[in-house]
Each structure stands twice: as C-alpha cells, then as structure tokens.
Amino acid sequence: MPPPPTPANVRVVTLTIDGQDLSARADETIIEVCRENQIPIPSLCYLDGLSIWGACRLCLVEIAGQGRLFAACATQVAEGMQVLTNTERLRRYRRTIVELLFAERSHICSVCVSNGHCELQHLAQTCGVDHVRVPYRQARYQMDSSHELFRLDHNRCILCTRCVRVCDEIEGAHTWDLMGRGSDCLVITDLAQPWGDSETCTGCGKCVQVCPTGALVKQGTSAGEMVKDQHFLPILARRRQAR
Amino acid sequence: MNLDDLADKAEEYRNQDPDITHEARVCMAASCQSSGAPEVMAALHRALTAIPPPAPGERQGDVEGDAERDGDSEGDGTMAGAGLAGPADRVTRGHRCKVKGVGCMGLCSAGPLVAVAEKGAELMASTLYREVRPEDAPAILASVAGPPVARLHCPTDQPFFARQQRIVLENAGVIDPDSFKGYVAVGGYAPLVQALTEMTPAEVLREITLSGLRGRGGGGYPTGLKWSTVAKMPGERKFVICNADEGDPGAFMDRAVLESDPHRVLEGMAIAAYAIGAAKGYVYVRAEYPLAVERLTTAIRKAKRAGFLGGKIAETPFSFEVEIRLGAGAFVCGEETALMASIEGNRGQPRPRPPYPAESGLWGCPTLINNVETFANIAPIVRHGGAWFAGIGTEKSKGTKVFALAGTIENTGLIEVPMGTRLRDIITAIGGGIPGGRAFKAVQTGGPSGGCIPAEHLDIPVDYDGLKTLGTIMGSGGMIVMDETADMVDVARYFMEFCMSESCGKCVPCRAGTQQLHALLDKIAKGEARHQDLALLEELCEVVQATSLCGLGQTAPNPVLSTLRFFRDEYEAKLCAP
C-alpha cells in the first residue's frame, strides 16, 4: 500500500531517534516514525488504524531536555527532537510493566490457546522478562462462552481496549466497552450482558483478530474442545463387514 | 448597569431593615449542620418569637424572611430550609435582632457555632458561641443587649481567629449563602461589573498575571499564564470549568467555600469567561456535596434572574451561562482530562497530555479549568488590584491559602493564612496543638499525592516551593495532623489503598502497580516482609511514579516515599528476617 500523500500544509521536520537522523511529517507520532524506520519499540494498546489510547505505557521514550517520559504513540514529532527509545532505565521500566501485567491476571502460556501467537508473550521475550518478581494476584474471572463463534476469557485480558476501539471505530457497532475501575475493570458486551445475547454484535470477529492475547478467541480452539470422536469406527467397520 | 448603580443597590440592600441592629448568625455549613445547627436555628426562631412584641410606636416584628426580601418567593418561600434567614425579628431591649443562617466560620470542631454581631459586622467583631444547644437559644438572644454568655463564649481574639487572614473566606460565616442581596450588600458582583464596564479582557488578564495567583487545586500553575494561553487560542467556542471535585481524604476547603459563598465562585468564573472569551461554564461538583450543590443551584438561579449570569450581563454584550455537572464519586475525575471526559458524558478516564485543555479541552475547544478556591480569589484581585494581592504571601507564592485542619489536633476546621506562614504556627498556634498532652509526630499535606512532614521541619514556611523541597506538595489544602501514636507504615498503606481503589484502571502501572504496592505495604505492616520486599517497594514506587498516565498514578507513591524518607526506621523495624 503506498503511503498516504502528505497534506499540503504539513511541514516535514528532522529529528534524531537513538542517534539516527530521520525526517518525518510534523503530524506523525514518534511511534509511527519508529515503525517506518524499523526502530523496535514495544507497545500493546497501540495498533495502527485505531485511535490512540496511551495506556500500556510500554512505548514510553525519553526526550532530551524533558524531565518526564513521553508515550511514543501519543507524542507528535517536532523539529530537532532528540528521542531515546532504549535506555537502561526504559528497559527496566518496561520489564517491570510486563511483569505487572503477568501478575495481574492468569497469564499461564503453557495452557493458553494463544501460546506462540501472543503479543504479551512475545513482549516478555523481547523485554527479557525471564521471571516475575511481584506475586501473582491469583484472581479468578469468569469466561463468556455464550457467543456461537467467539469466546471471552477475562483471565487473559490486559485491558488494552483494542476490541472496544475496533468495534466502535471500524465496525461501528460499539458492542464492547469497559466497566468497573482499577483492577476490577472488565471489558463488557452491551450492558454487561452475555456476548451471545448481544443485539449489537455483528459477529464480524474484528475484536478477536486485534486482541493481543488469548482473551478473545474463536470457539473450538481451547485444549478442552480438542476432543476426538472415534465412535464412528466400530459402526462403520461393522456395516462394512455385514455387506 | 455600571458600578454606581450597583453601589446604590448594595446601599439599598444594606439599609433594607433599618430597625434591625443585630444578627444571630448560625453556621449552616455541612459540619455544623451535622452537629445540630438546624435545631439550634429553629430554637433561636422560637425564642425570638417568644420575646414580647415591640413597644408601641415601633414597627411590628412580623414574620419576614430574607427569601421574600430577595423577591424570590416562588423558589425559596415554598422550599423548606432553602432560605436560611429567620422568619422573625423582634425587639430585645432596644435592639432588633434577626436570626440568619450563614456559612462556615472555621472552627468546625466546636460546632454548632452561633455568632451574635452587629448587622454587617465581620466575624472577628462578633461574639462567638461554641457547642450551642437548642436550649441555649434564649440566653444567646438575651446577650444581644447584655454581656456574653460566659459558658458558651468562644473568644475571637484567640490565635485560631486572630492569626488568620481571610480573603477567600471573607464572607464565609458573615453572609447568608442563599441570599443574592446579602452578597451584593457586601460589594459582591462589583468586580464583575468593573471588569465588564471599565476593563478590557487584556486588562483583566494583566491584573491576574500581576497578582501572581497560582492554581489552588494543588498544581500551583500560574493562573494568569493559564488564562492568557486560553485567551490567545483561536476558536469561537471556549469553556470555563470550575473543578469542585474535591476528593482528598481530610480535605473540605472547596465544600466550605461553595456552601458559604457560592456567588463569589460564580463571579470569578464570569470574570474568567470575559477575560478568555468564553460564553459557557461548568461547575463540576461531586454529588457527595448535596448542600453545596443546592446552594450553588440557588446562587445560579438568583444570579441569572438578577442579570449577572445569562445573556447581556450588566447590559454589556457579554453573555455567560453556567451549568452544574455532578461527579459520580470517582476521585480520578478531579484530574482535568478525566473531568472533561465526564462532563462530555463519557467514562471518567484521563487521556495523555498534550494536548492540554487550554488547546483542546471540552469537545475539542480551548478550555480553562481552575479550582474553586482559585476562582474565589478572582473577585478580590479585580477589586483591589493585582499589586495588592502580590503584596501578600511569599516571593513565589502570593496571597493566602485555605487549609482544612484534620486529624489529632485541638482545633479541627477551616483556616485561611497568608502563604509563607510557618507550619508550626498553623499547627500549634492556630490549630491549638495536639490534644491529650501527646507529642506531634507528622503532618500530612496534599492528600494521597502528598507526603508527611516530621517535627524537625515544622519551621518551614508553607508555600508551593517550600513544601516541594520536603518531598510533599501544597495540594489543595488538606492537612492531617498525626501524634506520636501514629504508625507511618499504616499511614502509607492507607493512602495506597485509597489510590488503588480510586485508580481508573486505564494505565498498567497505576492499575496493577498500586495494587502490588498496597500488597507489599500490607505485608510490611503485618511483619511478614523481608529486606528484599523493601527494595522491591522502592523500585515499584519509581516505576509507578515515572510511567503512569495521569497525576493520580504519578503521585500515588509519594506518601510511601515520604514516609520512607523520614521514618525509614519504622519500616525496618517491621521487617522479619534479614
């Protein structure tokens, strides 16, 4: 896909990211420029095509001359900006944030349907999270398996709200939203009704595709559902003998 | 209407009841109400009507409330308790007295408070009575013409009152907060008319900038700079928001201002709207403040009827509407971006800044957000000039600050002192020290975003920058005093529990980090923690502080870091094995 044409009234600025001189449109964010130039920067809530949420705090970067850190997804570039994306301090913060996510709900990769396809798991590997220092919360959440095509497992949700945003902004259904606050936050369908009863859900599956973890999955993908049925064999074999 | 017209009105309202010489003012703010002020007020009314009618030739003291004098019979006349003024006035040995409900007089721990004063006299010039009970009413009324009732007397020359300087609270405890005329009579709305008829918006901005006023919500951002930024932003639609979502534990400054002098806040908002070019304002006030909401609603209605809100204010082209929005009990909605999301009808969650509200606020329009106390300072600044205000306080913190004294302190209540007052004066002189002969240990300022100040730093002058050097903040004005029995780990755990349950859940470090911090503090408090837990606690504090999305998370570790700084031995004493 060719990049969108630069609007006439947008300036092009130059900046450095990790010492690399780069040019960018003034209306681009730091994370967009990083992605364009293959500068790796971790993120979870950010997804190209969705609005900016700025909540996972994994894409925080240092900007020269600024005391505080900035989320690369929510910060526009500026002329002469000097960005550092991979300092020791940032790496330490990212590790801790990933650890906090792992400890918050039940992220046990070995029994997860998304094992090997999970963005959280991948991030843990790239950020060097080889163990979690904070205690696991051991909270138990319900699953919603009422939808004929899809399933929701709150235990694997990281509250990135990609599902909420894609449903609202792209599908236009706004089936998903958030309820509760703090660690009690949950993504919900309609007014916290079972997903299968939702009158607004179109069954498009966009939420499942954008979910970074195993929280939203297709039905029939869990280990428990992989039941083999060999009942046919004796029946078919006997019929064949009878003939 | 010009200033002279308004001055005539004020004169007229002041002389409305020439026969009345004295007032028995009953504090009808929330704290005195909860200790029995409504009963005291009713008893005073009964006692007043029980006094024999006036001597022949004098006017009959008929049932007459302030509400009716306001020409507002449709509203207040039928609403029980809405009009605070007394229904009767009678002669008491040559003095005519009326009973009047007023706002907060400050010494909340001694409530219900009743002040007997000459009409229009300030609080300091009144005879104040403490812990008044309904049966004391006849004695208090009798004291109008005689000596004070000694057993109830609460001298106003004691340090609690004498060491204060009341600017924001100048009308609190003096005027009836539900009376529009009462506010005009003490010079209210003159600064607004002055700004509209005699000053350009740029001149208003200049005075506010000159005054050196800084945001009273806790941030301390220069108000003049904020106003000028919004004023310079392009755009036809702009908004003014008054942040009255006061939520710090132990803080009740904004509530008291709204309950005691709501018109002053509206006037400040209107002046701000004129200066920045806004036509619409919102007061975002928490629903847990029903009395403040009621008085504010009354004030808006009366100001609108009198032409000080709404279209063509004071017959100028300037129009300004104010609407109230109720907060549904989320602490995070005091954060400006979450507050705006809530006003827009969305989930109250913060968003990354920039863009700041000044550039893109309510519905994407330039928006000015200030705290209640900030707006309450505007009218006096316009009236006396920015230079006058800049003459009060310290070099970088001008004016006065209202504090809510709570905790183990003799005089619990609301005080207003010049910036730069030493903390020791606030706690020992004004606050009256620690009760029960126990020793002072620490004072917590700034609520869950602040920290503790130990005894060795009591001589610090209280201003924005001074408190910052001690690792705490001025905050919105809550001061929780603790004596030697306080357990500082427990204090830290309490505030962390507050932040944990008030975290909106949007960003990971605040949502999951405060929970882990709370669990660690709990472990330490129970004596189950080891040295490595303490190290983890400090590391998590750093991460939550540096990476959280909004102020709630960024400042949530402050009470822990502050108690670790000054009381580390208490933490270490609770660790089990090395």
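Residues numbered from 1 in each chain as written. Chains lettered and ligands numbered in written order. Predicted model: local features only at pLDDT ≥ 70, side-chain atom pairs only at ≥ 80, totals over all residues. Heavy atoms only, no water.

**Overview of the overall build of chain A**
In plain terms, the rule: Segments assigned H or I by DSSP are reported as helices when at least four residues long, segments assigned E as strands when at least two residues long, and all are numbered from the N terminus. Atoms considered for the radius of gyration are the C-alpha atoms alone. The globule rule reads 2.2 Å times the number of residues to the power 0.38. Burial status follows relative accessibility: with a 1.4 Å probe on protein chains alone, a residue under 20% of its type maximum counts as buried, one over 50% as exposed, and anything between as partly exposed. Note on contacts: a residue pair qualifies if any of its non-hydrogen atoms lie within 4.5 Å across the two residues. Accessible surface area values rest on a Shrake-Rupley calculation with a 1.4 Å probe, where residue burial reflects the displayed protein chains alone.
Scanning chain A for helices and strands turns up 6 helices and 10 strands. Relative to its length of 243 residues, chain A is extended, with a C-alpha radius of gyration of 22 Å against a globular reference of 18 Å. Taking the principal axes of the C-alpha coordinates as reference, chain A spans close to 85 × 45 × 40 Å. The 243 residues of chain A split such that 49% are buried. Across chain A, the fraction of contacts at a sequence separation of at least 24, relative to all contacts at a separation of at least 6, is 60%. Counting only carbon and sulfur atoms, one obtains 52% of the accessible surface of chain A, whose full area is about 13100 Å².

**Digging into the domain arrangement of chain A**
Residues and elements named next belong to chain A. Selection criterion: Domain boundaries shown here were taken from an automatic or database domain assignment. Once two parts are put together, the accessible area they lose, assessed with a 1.4 Å probe and summed over both, is termed the buried area. Here, a salt bridge means any Lys or Arg side-chain nitrogen found within 4 Å of an Asp or Glu carboxyl oxygen. A 3.5 Å cut-off defines polar contacts: any pair of N or O atoms within that distance qualifies, except that in protein one atom must be a possible hydrogen donor and the other a possible acceptor, and neighbouring residues in sequence count only when both atoms are side-chain atoms. Gly is put with the polar residues, along with every residue not named as nonpolar or charged; the nonpolar set is Ala, Val, Leu, Ile, Met, Phe, Trp, Tyr, Cys and Pro, and the charged set is Asp, Glu, Lys and Arg.
The domain architecture assigned to chain A consists of domain 1 (12-86) and domain 2 (93-225). A C-alpha centroid distance of 26 Å is found between domain 1 and domain 2. Between domain 1 and domain 2, the contact holds 21 residues from the first and 20 residues from the second. Summed over both sides, the interface of domain 1 with domain 2 buries roughly 1500 Å², with 64% coming from carbon and sulfur. Three residues, Leu44, Leu50 and Leu58, lead the burial of domain 1 against domain 2; their summed loss comes to 42% of the area buried on that side. Linking domain 1 with domain 2 are 0 salt bridges, by the criterion used here. Along the contact surface separating domain 1 from domain 2 lie 8 residue pairs in polar contact (both at pLDDT 80 or more). Across the side of domain 1 that touches domain 2, the residue classes tally to 15 nonpolar, 5 polar and 1 charged.

**Points about the state of the cysteines**
Residue and element names in this part refer to chain B. Here is the rule we go by: Cysteine sulfur atoms are paired as a disulfide whenever they come within 2.5 Å of each other.
Applying the stated criterion to the full structure yields 0 disulfides over all chains. Of all cysteine sulfurs in the structure, the one in Cys27 sits closest to Cys32, which takes part in no disulfide; the separation is 3.4 Å. Taking relative accessible area as the criterion, Cys32 reaches 1% and is therefore assigned buried. This cysteine, Cys504, is not joined by any disulfide, and Cys550 carries the nearest cysteine sulfur, 6.3 Å off.

**Focus: the interface of chain A and chain B**
Taken together, the contact between chain A and chain B spans 31 residues of the former and 31 residues of the latter. Summed over both sides, the interface of chain A with chain B buries roughly 2600 Å², with 54% coming from carbon and sulfur. Per-residue buried area on chain A facing chain B is highest for A:Arg57, A:Leu100 and A:Arg181; these three make up 23% of the total on that side. Across the chain A-chain B interface, the total number found is 4 salt bridges.

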